[in-house]
Amino acid sequence: MQQQQENKSSAYWAVAALCVFWGTTWLPSKIGVGYMPPLQLAGTRQLVAGTLFMTYFSFRRMPLPTLRQFGALTVLSFFFLVVSNGLTVWSLKYIPSGVGSIIGAIVPLWIALISVLFMGEKLNRLVAAGLVLGFSGIVLVFFNDLLLLFDPAAKGNNFGAGMVLGIIATLSWSIGTIYTARSSIKLDPFHSLGWQMLISGIILLSTSYGFEETVPLRQIHHHALMAIAYLVIVGSIITFMAYIYALRKLPTAQVAVYAYVNPIIAVLLGWVILGEKVNLFLLAGGAITLLGVYLVNRGFRKG
């Protein structure tokens, strides 16, 4: 009994770490894209983190994945880390980090919508209300910027590109989540994570060198290097390990609380450190979006 209580206590600390640390990763990502191309930044982070994971597992002599497992890992890498993480970092070239974090919170809305439209899930009132509120909140977050689309004097403003990239990133993460739930990869989750990071790092960097004006390693600004170090240690290692550990010990609904806290932390850090604007549309839209996410999660639990 005491051991179970200690395990639960450790799991709650893991969730607390998720709430704080994942919310802080938007800041170094935003800083990093100011000094190097986004795909190079994302690829470097994933490659370094994946190499660290795989070095550890090589010392433990973990068996290599089978061809079937490797195929599934490649699919997961593509949706989670190549498309979702790559486009998320890219979007931060054009939108504030706090706004990006609010867009990132709509993943449960996409999962609900895909489940209802294509997988036969029932649409109850809570889920329907959550979907309407969630996507309405995103429109409200961008309300001021959306008006600029019709302003001829606002040419060259790329907020629309950032918004689209961020939304596609959340859709990709949602598809990856559904694929994970329906596939059975009998592989240690930490080992799986290491492979995904390694694969995605190689793909992202290969894409970067083909399409971006990459920065030579010796010329990378120290601010970008510090951002990468934080994203590797905190964003890729500590938080993912805490996430997997918490999911093993606690119900998913309890772990999912991080999704409501992360945007708040990201918005506050962007405002305090980077001077990002925080207006009524952002605050109200963010609150409505998170309420929509809450209702969707609650509606599916009841369903």
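Just so you know, these numbers come straight off a predicted model, no measurement behind them.

What counts, and where the lines are drawn
Residues numbered from 1 in each chain as written. Predicted model: local features only at pLDDT ≥ 70, side-chain atom pairs only at ≥ 80, totals over all residues. Heavy atoms only, no water. Phe/Tyr/Trp six-rings, centres within 6.5 Å; stacked < 30°, edge-to-face > 60°. Helix = DSSP H or I, 4+ residues; strand = E, 2+ residues; numbered from the N terminus. Buried < 20%, exposed > 50% of the residue type's maximum accessible area, 1.4 Å probe, protein only. Contact = heavy atoms within 4.5 Å. Core = buried A, V, L, I, M, F, W, Y, C linked by side-chain atoms within 4.5 Å. Salt bridge = Lys/Arg side-chain N within 4 Å of Asp/Glu carboxyl O.

## Thoughts on the packing of aromatic side chains
Summed over all chains, the structure comprises 11 aromatic pairs. Judged by centre distance (6.4 Å) and plane angle (65°), the ring pair of Tyr260 and Tyr294 falls under edge-to-face. Residue Tyr260 is located in helix H13 (residues 258-273), and its partner Tyr294 is located in helix H14 (residues 280-302); the two are separated by 34 residues in the primary sequence. We classify Tyr260 as buried; its relative accessible area is 19%. Three or more aromatic residues joined by ring pairs form one cluster here, namely Trp22, Phe240, Tyr243 and Tyr258.

## Details of unusual backbone geometry
One non-glycine residue with positive phi stands out, namely Arg61, at about 55°. Along the polypeptide, Arg61 turns up in the loop between helix H3 (38-59) and helix H4 (67-91).

## Structural notes on the environment of Phe53
Checked against the element boundaries, Phe53 lands in helix H3. In this structure, the C-alpha to C-alpha distance between Phe53 and Ala169, residues 116 residues apart in sequence, is 24 Å. Excluding anything up to four places from it in sequence, Phe53 contacts Phe190, Leu193, Gly194, Met197, Ser236, Ile237 and Met241.

## What about the nonpolar core?
What tends to happen in soluble globular proteins is that the nonpolar side chains get buried as a cluster. The biggest cluster of nonpolar side chains holds 61 residues, and the ones touching the most others in it are Met36, Val99, Phe142, Met197, Val255 and Tyr258. Among the nonpolar cores identified, the runner-up in size contains 6 residues, and Met54, Leu73, Leu187 and Ile199 belong to it.

## Quick look at the pattern of salt bridges
Throughout the structure, instances matching the rule amount to 1 salt bridge. Notably, a salt bridge pairs Asp188 with Arg248, separated by 4.0 Å at the nearest N-O pair. On the criterion of sequence distance, the pair formed by Asp188 in the loop between helix H9 (159-182) and helix H10 (189-211) and Arg248 in helix H11 (residues 222-249) is long-range, its members being 60 residues apart. With relative accessibility at 28%, the residue Asp188 sits in the partly exposed group.

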